[in-house]
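Topology and contacts: notes
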Amino acid sequence: MDIKAPRGVRDILPEESWKWSYVLKVTAETMADFNYAEMHLPLFEHTELFSRGVGEATDIVEKEMYTFLDRGSRSITLRPEATAGMVRAALEHGLCSPGTAARLWCWGPMFRYERPQKGRYRQFYQIDAECLGLPGPMADVEIVALSVEIFRRLGLKNLEVVLNSVGCPACRPLYRRALLEHFSRHKERLCATCLGRMERNPLRILDCKQTDCGLIADEAPSVHDHLCDECRDHFQEVQEGLERLGFAYHLDKRLVRGLDYYTKTAYEILSGDLGAQNAVCGGGRYDNLAESIGGPSLPGVGFAAGLDRIVLVMEQQGCSFGRSPQTQVYVVAQDPEARAATQVLAHELRRNRVSAEQDSGNRSFKAQMKAAGASGAAWVCILGPEELQKDLVTLKNLETGEQASLPKAELIERLRQN
Ligand code: HAM
(Lines give C-alpha, C1' and ligand atoms only; values in the text may rest on other atoms or scores of the structure.)
Protein backbone atom coordinates (compact mmCIF):
# COMPACT_ATOMS: atom_id res chain seq x y z
CA MET A 1 0.00 0.00 0.00
CA ASP A 2 1.42 3.39 -0.90
CA ILE A 3 -0.63 5.45 1.58
CA LYS A 4 0.94 5.66 5.01
CA ALA A 5 0.11 7.73 8.10
CA PRO A 6 1.58 11.27 7.84
CA ARG A 7 4.99 11.92 9.41
CA GLY A 8 4.91 12.46 13.15
CA VAL A 9 1.58 10.74 13.77
CA ARG A 10 1.15 7.14 14.81
CA ASP A 11 -1.43 4.47 15.24
CA ILE A 12 -1.94 3.27 18.78
CA LEU A 13 -2.30 -0.44 18.13
CA PRO A 14 -4.11 -2.95 20.37
CA GLU A 15 -0.81 -4.09 21.92
CA GLU A 16 -0.39 -0.55 23.31
CA SER A 17 -3.92 0.83 23.56
CA TRP A 18 -4.94 -1.33 26.54
CA LYS A 19 -2.08 0.31 28.44
CA TRP A 20 -3.54 3.70 27.61
CA SER A 21 -6.90 2.60 28.98
CA TYR A 22 -5.20 1.63 32.23
CA VAL A 23 -3.42 4.99 32.55
CA LEU A 24 -6.67 6.83 31.83
CA LYS A 25 -8.57 4.72 34.36
CA VAL A 26 -6.04 5.51 37.10
CA THR A 27 -6.09 9.17 36.02
CA ALA A 28 -9.90 9.38 36.13
CA GLU A 29 -9.95 7.84 39.63
CA THR A 30 -7.31 10.26 40.88
CA MET A 31 -9.10 13.25 39.33
CA ALA A 32 -12.31 12.15 41.06
CA ASP A 33 -10.51 11.89 44.41
CA PHE A 34 -9.32 15.48 43.95
CA ASN A 35 -12.83 16.52 42.85
CA TYR A 36 -11.92 17.40 39.25
CA ALA A 37 -14.77 17.01 36.75
CA GLU A 38 -14.16 15.65 33.26
CA MET A 39 -14.93 17.69 30.14
CA HIS A 40 -14.68 16.97 26.43
CA LEU A 41 -13.66 19.87 24.24
CA PRO A 42 -13.56 20.45 20.49
CA LEU A 43 -10.36 19.49 18.70
CA PHE A 44 -10.41 22.71 16.71
CA GLU A 45 -11.02 26.29 17.74
CA HIS A 46 -10.80 29.78 16.24
CA THR A 47 -7.11 30.52 15.60
CA GLU A 48 -7.40 33.68 17.68
CA LEU A 49 -7.96 31.67 20.84
CA PHE A 50 -4.40 30.38 20.63
CA SER A 51 -2.69 33.41 19.09
CA ARG A 52 -4.09 35.58 21.89
CA GLY A 53 -4.18 32.96 24.62
CA VAL A 54 -0.90 31.08 24.15
CA GLY A 55 0.89 34.17 22.77
CA GLU A 56 2.02 35.45 19.35
CA ALA A 57 5.70 35.21 20.28
CA THR A 58 5.69 31.53 21.21
CA ASP A 59 7.11 28.73 19.05
CA ILE A 60 3.69 27.10 19.15
CA VAL A 61 1.87 30.04 17.58
CA GLU A 62 4.74 31.15 15.34
CA LYS A 63 5.49 27.87 13.66
CA GLU A 64 3.77 24.81 15.11
CA MET A 65 0.04 25.26 14.64
CA TYR A 66 -2.08 23.37 12.14
CA THR A 67 -4.09 26.32 10.85
CA PHE A 68 -6.39 26.39 7.85
CA LEU A 69 -9.33 28.29 6.41
CA ASP A 70 -12.56 26.34 6.61
CA ARG A 71 -15.13 26.44 3.83
CA GLY A 72 -16.63 29.55 5.38
CA SER A 73 -13.19 31.25 5.18
CA ARG A 74 -12.74 31.29 8.95
CA SER A 75 -9.28 30.65 10.31
CA ILE A 76 -9.39 27.43 12.29
CA THR A 77 -6.61 25.77 14.30
CA LEU A 78 -6.28 22.20 15.55
CA ARG A 79 -5.70 22.68 19.26
CA PRO A 80 -1.99 22.65 20.16
CA GLU A 81 -2.84 22.47 23.87
CA ALA A 82 -5.94 22.35 26.07
CA THR A 83 -5.67 25.20 28.58
CA ALA A 84 -6.93 28.00 26.33
CA GLY A 85 -9.90 25.86 25.28
CA MET A 86 -10.69 24.90 28.88
CA VAL A 87 -10.73 28.56 29.93
CA ARG A 88 -12.80 29.51 26.86
CA ALA A 89 -15.34 26.80 27.67
CA ALA A 90 -15.47 27.72 31.37
CA LEU A 91 -16.16 31.37 30.47
CA GLU A 92 -18.60 30.55 27.69
CA HIS A 93 -20.71 28.31 29.94
CA GLY A 94 -20.30 30.27 33.16
CA LEU A 95 -18.66 27.33 34.95
CA CYS A 96 -16.81 29.58 37.37
CA SER A 97 -18.78 32.49 38.79
CA PRO A 98 -16.84 35.14 40.72
CA GLY A 99 -15.68 33.94 44.13
CA THR A 100 -16.08 30.25 43.31
CA ALA A 101 -13.70 27.62 41.98
CA ALA A 102 -14.03 25.21 39.07
CA ARG A 103 -11.89 22.08 38.97
CA LEU A 104 -11.87 20.55 35.51
CA TRP A 105 -9.95 17.99 33.52
CA CYS A 106 -9.87 16.56 30.04
CA TRP A 107 -7.73 14.33 27.87
CA GLY A 108 -7.27 13.91 24.17
CA PRO A 109 -5.11 14.63 21.15
CA MET A 110 -3.20 17.87 20.62
CA PHE A 111 -1.47 18.90 17.39
CA ARG A 112 1.88 20.61 16.92
CA TYR A 113 4.01 20.76 13.81
CA GLU A 114 7.25 19.82 15.58
CA ARG A 115 10.24 17.81 14.41
CA PRO A 116 9.24 14.24 15.23
CA GLN A 117 11.51 12.14 17.42
CA LYS A 118 11.13 9.60 20.21
CA GLY A 119 8.47 10.93 22.59
CA ARG A 120 7.67 13.88 20.32
CA TYR A 121 4.83 13.58 17.84
CA ARG A 122 2.71 15.89 15.73
CA GLN A 123 -0.43 14.38 17.12
CA PHE A 124 0.12 13.57 20.78
CA TYR A 125 -2.16 13.10 23.75
CA GLN A 126 -2.40 15.10 26.93
CA ILE A 127 -4.09 14.63 30.27
CA ASP A 128 -4.95 18.17 31.34
CA ALA A 129 -6.25 19.54 34.65
CA GLU A 130 -7.18 23.13 35.41
CA CYS A 131 -8.17 24.77 38.69
CA LEU A 132 -9.98 28.04 37.96
CA GLY A 133 -10.99 30.89 40.21
CA LEU A 134 -8.46 30.49 43.01
CA PRO A 135 -5.65 33.08 43.11
CA GLY A 136 -3.89 31.75 46.22
CA PRO A 137 -0.85 29.45 46.42
CA MET A 138 -2.83 26.53 47.85
CA ALA A 139 -4.32 25.92 44.39
CA ASP A 140 -0.81 25.74 42.89
CA VAL A 141 0.17 23.19 45.53
CA GLU A 142 -2.99 21.21 44.84
CA ILE A 143 -2.21 21.07 41.12
CA VAL A 144 1.37 19.88 41.68
CA ALA A 145 0.08 17.35 44.22
CA LEU A 146 -2.54 16.07 41.77
CA SER A 147 0.01 15.50 39.01
CA VAL A 148 2.48 13.83 41.37
CA GLU A 149 -0.27 11.61 42.78
CA ILE A 150 -1.26 10.36 39.31
CA PHE A 151 2.36 9.41 38.65
CA ARG A 152 2.68 7.80 42.08
CA ARG A 153 -0.39 5.63 41.49
CA LEU A 154 0.95 4.63 38.09
CA GLY A 155 4.15 3.49 39.77
CA LEU A 156 6.48 5.88 37.93
CA LYS A 157 9.93 6.24 39.45
CA ASN A 158 12.90 8.48 38.92
CA LEU A 159 10.87 11.67 38.44
CA GLU A 160 11.96 15.16 39.32
CA VAL A 161 9.71 18.14 40.05
CA VAL A 162 11.30 21.38 38.84
CA LEU A 163 9.81 24.63 40.06
CA ASN A 164 10.16 28.30 39.25
CA SER A 165 8.28 31.58 39.30
CA VAL A 166 8.06 33.64 36.12
CA GLY A 167 6.67 36.74 37.84
CA CYS A 168 3.71 38.79 36.69
CA PRO A 169 3.05 41.81 34.45
CA ALA A 170 4.06 44.07 37.37
CA CYS A 171 7.57 42.67 37.84
CA ARG A 172 8.36 41.03 34.51
CA PRO A 173 9.17 44.22 32.55
CA LEU A 174 11.99 44.99 34.99
CA TYR A 175 13.30 41.45 34.76
CA ARG A 176 13.00 41.53 30.98
CA ARG A 177 15.13 44.68 30.92
CA ALA A 178 17.77 43.11 33.18
CA LEU A 179 17.87 40.05 30.90
CA LEU A 180 18.14 42.15 27.75
CA GLU A 181 21.07 44.04 29.22
CA HIS A 182 22.81 40.79 30.09
CA PHE A 183 22.19 39.08 26.75
CA SER A 184 23.15 42.22 24.78
CA ARG A 185 26.60 41.97 26.33
CA HIS A 186 26.97 38.42 24.96
CA LYS A 187 25.12 38.88 21.69
CA GLU A 188 27.91 37.51 19.50
CA ARG A 189 27.78 34.11 21.24
CA LEU A 190 24.00 33.62 21.06
CA CYS A 191 22.52 31.27 18.46
CA ALA A 192 20.43 32.70 15.59
CA THR A 193 17.16 31.65 17.24
CA CYS A 194 18.06 33.41 20.49
CA LEU A 195 19.10 36.56 18.62
CA GLY A 196 15.57 36.60 17.23
CA ARG A 197 14.20 36.06 20.75
CA MET A 198 16.07 39.12 22.10
CA GLU A 199 13.37 41.52 21.01
CA ARG A 200 10.31 39.31 21.04
CA ASN A 201 10.76 37.12 24.09
CA PRO A 202 14.13 37.28 25.88
CA LEU A 203 12.90 35.00 28.68
CA ARG A 204 12.89 32.12 26.20
CA ILE A 205 16.68 32.45 25.81
CA LEU A 206 16.91 31.00 29.33
CA ASP A 207 15.43 27.81 27.94
CA CYS A 208 17.82 27.39 24.99
CA LYS A 209 19.53 23.99 24.76
CA GLN A 210 22.58 25.28 22.76
CA THR A 211 25.73 25.03 24.85
CA ASP A 212 26.86 28.64 24.47
CA CYS A 213 23.41 30.11 25.06
CA GLY A 214 23.10 27.82 28.09
CA LEU A 215 26.35 29.09 29.57
CA ILE A 216 25.28 32.70 29.06
CA ALA A 217 21.83 31.93 30.49
CA ASP A 218 23.41 30.36 33.59
CA GLU A 219 25.04 33.70 34.35
CA ALA A 220 21.90 35.73 33.61
CA PRO A 221 20.20 37.68 36.39
CA SER A 222 17.88 35.45 38.40
CA VAL A 223 14.14 35.95 38.24
CA HIS A 224 14.12 35.34 41.98
CA ASP A 225 15.88 38.68 42.53
CA HIS A 226 13.30 40.52 40.41
CA LEU A 227 9.96 39.28 41.74
CA CYS A 228 7.56 41.85 43.18
CA ASP A 229 6.48 41.34 46.81
CA GLU A 230 3.28 39.58 45.81
CA CYS A 231 5.02 37.12 43.48
CA ARG A 232 7.81 36.49 45.99
CA ASP A 233 5.33 35.72 48.81
CA HIS A 234 3.29 33.49 46.50
CA PHE A 235 6.40 31.59 45.40
CA GLN A 236 7.50 31.17 49.02
CA GLU A 237 4.09 29.84 50.08
CA VAL A 238 3.96 27.38 47.19
CA GLN A 239 7.32 25.99 48.31
CA GLU A 240 6.18 25.79 51.91
CA GLY A 241 3.00 24.01 50.83
CA LEU A 242 4.95 21.45 48.80
CA GLU A 243 7.25 20.83 51.74
CA ARG A 244 4.26 20.37 54.06
CA LEU A 245 3.04 17.60 51.75
CA GLY A 246 6.49 16.05 51.74
CA PHE A 247 7.28 16.63 48.04
CA ALA A 248 10.84 16.84 46.87
CA TYR A 249 11.41 19.48 44.19
CA HIS A 250 14.20 21.61 42.96
CA LEU A 251 14.26 25.23 41.91
CA ASP A 252 15.43 26.13 38.43
CA LYS A 253 15.67 29.83 37.65
CA ARG A 254 15.97 28.95 33.95
CA LEU A 255 12.59 27.18 33.75
CA VAL A 256 10.38 29.52 31.71
CA ARG A 257 8.05 27.17 29.74
CA GLY A 258 7.09 27.63 26.11
CA LEU A 259 3.71 29.31 26.54
CA ASP A 260 3.30 33.00 27.24
CA TYR A 261 0.31 32.88 29.56
CA TYR A 262 2.18 31.90 32.70
CA THR A 263 2.32 34.15 35.73
CA LYS A 264 4.00 33.27 39.03
CA THR A 265 4.32 29.48 39.33
CA ALA A 266 5.80 27.40 36.51
CA TYR A 267 6.77 23.76 36.92
CA GLU A 268 7.70 20.63 35.08
CA ILE A 269 8.05 16.99 36.00
CA LEU A 270 11.03 15.39 34.28
CA SER A 271 11.83 11.74 33.81
CA GLY A 272 15.36 10.42 33.94
CA ASP A 273 14.30 7.71 31.45
CA LEU A 274 13.13 9.72 28.45
CA GLY A 275 16.21 11.12 26.72
CA ALA A 276 15.89 14.52 25.06
CA GLN A 277 12.11 14.83 25.41
CA ASN A 278 12.23 14.31 29.14
CA ALA A 279 9.20 16.33 30.34
CA VAL A 280 6.25 14.12 31.26
CA CYS A 281 4.29 17.04 32.66
CA GLY A 282 4.30 20.83 32.56
CA GLY A 283 2.12 23.46 34.07
CA GLY A 284 1.73 26.57 36.15
CA ARG A 285 -0.40 29.57 36.92
CA TYR A 286 -2.00 31.79 34.27
CA ASP A 287 -3.86 34.63 35.96
CA ASN A 288 -4.25 36.77 32.82
CA LEU A 289 -5.19 34.17 30.21
CA ALA A 290 -8.95 34.71 30.58
CA GLU A 291 -8.56 38.45 30.00
CA SER A 292 -6.25 37.96 27.03
CA ILE A 293 -9.03 36.03 25.25
CA GLY A 294 -11.58 38.75 26.01
CA GLY A 295 -13.03 37.39 29.26
CA PRO A 296 -13.24 38.81 32.76
CA SER A 297 -10.40 38.35 35.22
CA LEU A 298 -10.20 34.66 36.14
CA PRO A 299 -7.12 33.27 37.85
CA GLY A 300 -6.13 29.71 37.00
CA VAL A 301 -3.48 27.10 37.51
CA GLY A 302 -3.09 23.72 35.84
CA PHE A 303 -0.93 21.11 34.22
CA ALA A 304 -0.80 18.86 31.20
CA ALA A 305 0.92 15.47 31.14
CA GLY A 306 1.92 13.70 27.94
CA LEU A 307 0.07 10.39 27.70
CA ASP A 308 2.40 9.00 25.01
CA ARG A 309 5.40 9.76 27.20
CA ILE A 310 3.83 8.37 30.38
CA VAL A 311 3.24 5.01 28.66
CA LEU A 312 6.77 5.09 27.22
CA VAL A 313 8.35 5.62 30.63
CA MET A 314 6.09 3.04 32.29
CA GLU A 315 7.15 0.47 29.69
CA GLN A 316 10.80 1.31 30.20
CA GLN A 317 10.47 1.07 33.96
CA GLY A 318 8.51 -2.19 33.79
CA CYS A 319 5.50 -0.65 35.57
CA SER A 320 2.31 -2.68 35.79
CA PHE A 321 -0.61 -1.83 33.49
CA GLY A 322 -3.01 -4.11 35.35
CA ARG A 323 -4.28 -7.22 33.58
CA SER A 324 -3.99 -7.29 29.84
CA PRO A 325 -7.31 -7.99 28.15
CA GLN A 326 -7.37 -11.65 27.24
CA THR A 327 -9.89 -14.07 25.90
CA GLN A 328 -10.88 -16.36 28.75
CA VAL A 329 -12.50 -19.14 26.76
CA TYR A 330 -12.13 -20.42 23.22
CA VAL A 331 -15.18 -22.38 22.06
CA VAL A 332 -14.42 -25.21 19.65
CA ALA A 333 -16.71 -27.44 17.55
CA GLN A 334 -15.67 -31.07 17.40
CA ASP A 335 -17.54 -31.65 14.16
CA PRO A 336 -19.52 -29.48 11.67
CA GLU A 337 -22.85 -30.27 13.35
CA ALA A 338 -21.72 -28.56 16.55
CA ARG A 339 -20.65 -25.35 14.80
CA ALA A 340 -23.94 -23.48 15.21
CA ALA A 341 -24.05 -24.44 18.90
CA THR A 342 -20.59 -22.90 19.49
CA GLN A 343 -21.89 -19.52 18.40
CA VAL A 344 -24.86 -19.77 20.76
CA LEU A 345 -22.59 -20.81 23.63
CA ALA A 346 -20.02 -18.06 22.95
CA HIS A 347 -22.81 -15.48 22.93
CA GLU A 348 -24.21 -16.84 26.20
CA LEU A 349 -20.77 -16.61 27.81
CA ARG A 350 -20.26 -13.04 26.64
CA ARG A 351 -23.67 -12.00 27.96
CA ASN A 352 -22.50 -13.29 31.33
CA ARG A 353 -19.28 -11.24 31.21
CA VAL A 354 -17.01 -14.14 30.30
CA SER A 355 -14.79 -13.13 27.38
CA ALA A 356 -15.15 -15.75 24.69
CA GLU A 357 -13.92 -16.40 21.19
CA GLN A 358 -15.09 -18.97 18.73
CA ASP A 359 -13.76 -20.16 15.43
CA SER A 360 -15.87 -18.52 12.77
CA GLY A 361 -14.48 -20.43 9.83
CA ASN A 362 -14.90 -24.03 8.74
CA ARG A 363 -11.68 -25.32 10.16
CA SER A 364 -10.97 -28.81 11.38
CA PHE A 365 -11.14 -29.67 15.07
CA LYS A 366 -7.33 -29.87 15.16
CA ALA A 367 -6.93 -26.46 13.55
CA GLN A 368 -9.42 -24.94 16.00
CA MET A 369 -7.55 -26.44 18.98
CA LYS A 370 -4.31 -24.99 17.61
CA ALA A 371 -5.92 -21.55 17.25
CA ALA A 372 -7.24 -21.84 20.81
CA GLY A 373 -3.71 -22.51 22.07
CA ALA A 374 -2.34 -19.51 20.17
CA SER A 375 -5.13 -17.19 21.34
CA GLY A 376 -3.86 -16.93 24.90
CA ALA A 377 -7.20 -18.18 26.25
CA ALA A 378 -7.05 -19.99 29.59
CA TRP A 379 -9.78 -22.50 28.69
CA VAL A 380 -11.20 -24.36 25.72
CA CYS A 381 -14.82 -25.39 25.61
CA ILE A 382 -15.46 -28.33 23.32
CA LEU A 383 -18.86 -29.14 21.87
CA GLY A 384 -19.32 -32.46 20.05
CA PRO A 385 -22.19 -34.88 19.37
CA GLU A 386 -22.12 -36.32 22.87
CA GLU A 387 -22.06 -32.91 24.53
CA LEU A 388 -24.95 -31.70 22.38
CA GLN A 389 -27.00 -34.76 23.11
CA LYS A 390 -26.52 -34.61 26.91
CA ASP A 391 -26.42 -30.82 27.22
CA LEU A 392 -22.82 -30.93 28.46
CA VAL A 393 -19.63 -29.12 27.63
CA THR A 394 -16.09 -30.38 27.85
CA LEU A 395 -13.86 -27.84 29.54
CA LYS A 396 -10.12 -28.06 29.12
CA ASN A 397 -7.59 -26.04 31.07
CA LEU A 398 -5.02 -25.03 28.50
CA GLU A 399 -2.29 -24.54 31.05
CA THR A 400 -2.55 -27.84 32.92
CA GLY A 401 -4.15 -29.90 30.15
CA GLU A 402 -6.83 -31.13 32.61
CA GLN A 403 -10.16 -31.83 31.01
CA ALA A 404 -13.64 -32.59 32.39
CA SER A 405 -17.25 -32.68 31.24
CA LEU A 406 -19.82 -30.66 33.10
CA PRO A 407 -23.45 -29.64 32.65
CA LYS A 408 -23.75 -26.51 30.54
CA ALA A 409 -25.70 -24.81 33.32
CA GLU A 410 -22.63 -25.00 35.60
CA LEU A 411 -20.16 -23.68 33.06
CA ILE A 412 -20.53 -19.95 33.71
CA GLU A 413 -20.29 -20.35 37.47
CA ARG A 414 -17.19 -22.50 37.05
CA LEU A 415 -15.46 -20.00 34.76
CA ARG A 416 -16.32 -17.07 36.98
CA GLN A 417 -14.53 -18.77 39.86
CA ASN A 418 -11.30 -18.67 37.84
P1 HAM B 1 3.40 21.78 27.49
O2 HAM B 1 4.63 21.81 28.35
O3 HAM B 1 3.50 22.40 26.15
O4 HAM B 1 2.26 22.48 28.35
O5 HAM B 1 2.92 20.28 27.32
C6 HAM B 1 2.68 19.46 28.44
C7 HAM B 1 3.18 18.05 28.21
O8 HAM B 1 2.66 17.53 26.99
C9 HAM B 1 4.70 17.94 28.04
O10 HAM B 1 5.34 17.91 29.29
C11 HAM B 1 4.82 16.61 27.31
O12 HAM B 1 4.73 15.53 28.22
C13 HAM B 1 3.59 16.61 26.42
N14 HAM B 1 3.96 17.03 25.06
C15 HAM B 1 4.10 18.29 24.59
N16 HAM B 1 4.41 18.30 23.29
C17 HAM B 1 4.49 17.01 22.91
C18 HAM B 1 4.77 16.32 21.67
N19 HAM B 1 5.02 17.00 20.54
N20 HAM B 1 4.76 14.97 21.65
C21 HAM B 1 4.48 14.26 22.78
N22 HAM B 1 4.19 14.84 23.97
C23 HAM B 1 4.20 16.19 24.03
C24 HAM B 1 0.99 22.67 27.92
O25 HAM B 1 0.51 22.20 26.92
C26 HAM B 1 0.16 23.51 28.88
N27 HAM B 1 -1.18 23.65 28.31
C28 HAM B 1 0.12 22.88 30.25
C29 HAM B 1 -0.75 23.61 31.22
C30 HAM B 1 -2.00 23.27 31.61
N31 HAM B 1 -0.43 24.74 31.85
C32 HAM B 1 -1.44 25.13 32.61
N33 HAM B 1 -2.39 24.25 32.47
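Structure report, in brief. These numbers come from a predicted model, not from an experiment.

Pairing in this open sheet of three strands is antiparallel, and the strands run β2-β4-β3 from one edge to the other. Two strands lie at the open edges of the sheet, namely β2 (44–46) and β3 (66–69), each paired on one side alone. The average undirected angle you get between the axes of adjacent strands in this sheet is 30°. In this sheet, strand β4 (residues 75–78) lies alongside β3 in antiparallel orientation, the contact comprising four bridges. The residue of β4 that forms the bridge with threonine 67 is threonine 77.

Next up on the list: the packing of aromatic side chains. The full count for this structure, using the stated rule, is six aromatic pairs. Ring geometry for tryptophan 18 against phenylalanine 321: centres 6.1 Å apart, planes inclined by 70°, an arrangement best described as edge-to-face. Linking tryptophan 18 in helix α1 (residues 14–33) with phenylalanine 321 in the loop between α11 (307–316) and β12 (329–333), this pair joins segments that are 303 residues apart in sequence. Measuring from ring centre to ring centre gives 5.9 Å for tyrosine 66 and tyrosine 113, while their planes differ by 75°; the resulting arrangement is edge-to-face. Here tyrosine 66, found in strand β3, pairs with tyrosine 113, found in the loop between β5 (102–111) and β6 (123–132); they are 47 residues apart in sequence, far enough to count as distant. Using a relative accessible area of 46% as the deciding quantity, one classes tyrosine 113 as partly exposed. Taking the ring centre of tyrosine 113 as reference, the NZ or CZ of arginine 122 above it sits at 3.9 Å.

Counted under the stated rule, the structure contains 27 salt bridges. Its salt-bridge partner being glutamate 16, residue arginine 10 comes within 3.5 Å of it at the nearest N-O pair. By relative accessible area, arginine 10 is classed as partly exposed at 29%. On the basis of relative accessibility, which here comes to 15%, the residue glutamate 16 falls in the buried class. Among the salt bridges present, the one from arginine 204 reaches aspartate 59, with a minimum N-O distance of 3.9 Å. With a gap of 145 residues between them, arginine 204 in the loop between α7 (192–200) and α8 (211–218) and aspartate 59 in helix α3 (residues 59–64) connect regions that are remote in the sequence. For the residue pair arginine 204 and aspartate 59, the accessibility class agrees, reading buried in each case. Within this structure, Asp59, Lys63, Arg197, Arg204, Asp207 and Lys209 form a network of salt bridges that share partners.

All right, on to the pairing of strand β11 (residues 300–306) then. Among the seven residues of β11, seven are classified as buried, and the element is accordingly described as predominantly covered. In this structure, β6 lies alongside β11, joined through seven bridges in antiparallel fashion. Bridge assignment links glutamate 130 to a residue of β11, and that residue is glycine 302. Of the pairings in the sheet, the one linking strand β10 (residues 279–285) to β11 comprises five bridges and is antiparallel in character. The residue of β11 that forms the bridge with glycine 284 is glycine 302.

What counts as what
Residues numbered from 1 in each chain as written. Predicted model: local features only at pLDDT ≥ 70, side-chain atom pairs only at ≥ 80, totals over all residues. Heavy atoms only, no water. Pairing = 2+ DSSP bridges. Helix = DSSP H or I, 4+ residues; strand = E, 2+ residues; numbered from the N terminus. Axes fitted to C-alpha atoms, helices over the stretch in contact; angles between N-to-C directions. Phe/Tyr/Trp six-rings, centres within 6.5 Å; stacked < 30°, edge-to-face > 60°. Buried < 20%, exposed > 50% of the residue type's maximum accessible area, 1.4 Å probe, protein only. Lys NZ or Arg CZ within 6 Å of the ring centre and 35° of its normal. Salt bridge = Lys/Arg side-chain N within 4 Å of Asp/Glu carboxyl O.

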